[in-house]
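# Descriptive structure summary
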Amino acid sequence: QVQLGESGGGLVQAGGSLRLSCAASGSIFSINAMGWYRQAPGKQRELAAAIDSGGRINYADSVKGRFTISRDNARNTVYLQMNSLKPEDTAVYYCNADIRAYGLRFENVWGQGTQVTVSS
């Protein structure tokens, strides 16, 4: 069984920065796309940023120029550097990845989520 473990959330003032990390663990054969989604209270979960195995990146328009996604394939880890944070960035951030464990097919896996709160 494979799992995603997130860290790095917290409380920050508007204009501040946070860095989220998400590490995949388990009997991993390969990982395709990795990404970060977020869900604010009363809203649907939305994509913030994603990066595929070839390094191609996709950002939501609302975070372009402020967030940077990266991955360390050797560590099976994806990062989200968030700068110039705004109160509207407040949400639970979820890590997501397409992971293939040994002997199994690719599976879409979610992390447990980490809270990011930006105060005005």
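Residues numbered from 1 in each chain as written. Predicted model: local features only at pLDDT ≥ 70, side-chain atom pairs only at ≥ 80, totals over all residues. Heavy atoms only, no water.

### Observations concerning the overall build of the protein chain
- Tallying secondary structure elements over the protein chain gives 0 helices and 11 strands in all.
- Element order for the protein chain, N to C, with α for helix and β for strand: β-β-β-β-β-β-β-β-β-β-β.
- Principal axes of the C-alpha set define a box for the protein chain whose edges measure 50 × 25 × 25 Å.
- Buried positions account for 41% of the 120 residues belonging to the protein chain.
- Sequence-distant contacts, at least 24 apart, represent 56% of the contacts inside the protein chain between residues at least 6 apart.
- Accessible surface computed for the protein chain: about 6500 Å², of which carbon and sulfur atoms make up 45%.
- Between the mean site of the 12 positive side-chain charges and the mean site of the 9 negative ones, the protein chain shows a separation of 2 Å. (Helix = DSSP H or I, 4+ residues; strand = E, 2+ residues; numbered from the N terminus. Buried < 20%, exposed > 50% of the residue type's maximum accessible area, 1.4 Å probe, protein only. Contact = heavy atoms within 4.5 Å. Areas by Shrake-Rupley, 256 points an atom, 1.4 Å probe, with all protein chains shown as cover. Lys, Arg positive; Asp, Glu negative; His and termini not counted. Charge placed at Lys NZ, Arg CZ, Asp CG, Glu CD.)

### What about the packing of aromatic side chains?
- Under the counting rule described, the total for this entry stands at 3 aromatic pairs.
- Between Tyr94 and Trp110, the ring centres sit 6.4 Å apart and the planes meet at 85 degrees, which makes this aromatic pair edge-to-face. On the criterion of sequence distance, the pair formed by Tyr94 in strand S9 (residues 91-101) and Trp110 in strand S10 (residues 106-110) is long-range, its members being 16 residues apart.
- Linked through ring pairs, Tyr37, Tyr94 and Trp110 together constitute an aromatic cluster.
- Lying across the ring of Tyr94, Arg45 places its NZ or CZ 3.7 Å from the centre.
- The ring of Trp110 carries Arg45 above its face, with NZ or CZ at 4.6 Å from the centroid. (Phe/Tyr/Trp six-rings, centres within 6.5 Å; stacked < 30°, edge-to-face > 60°. Lys NZ or Arg CZ within 6 Å of the ring centre and 35° of its normal.)

Functional significance is not addressed by these values, which are geometric in nature.
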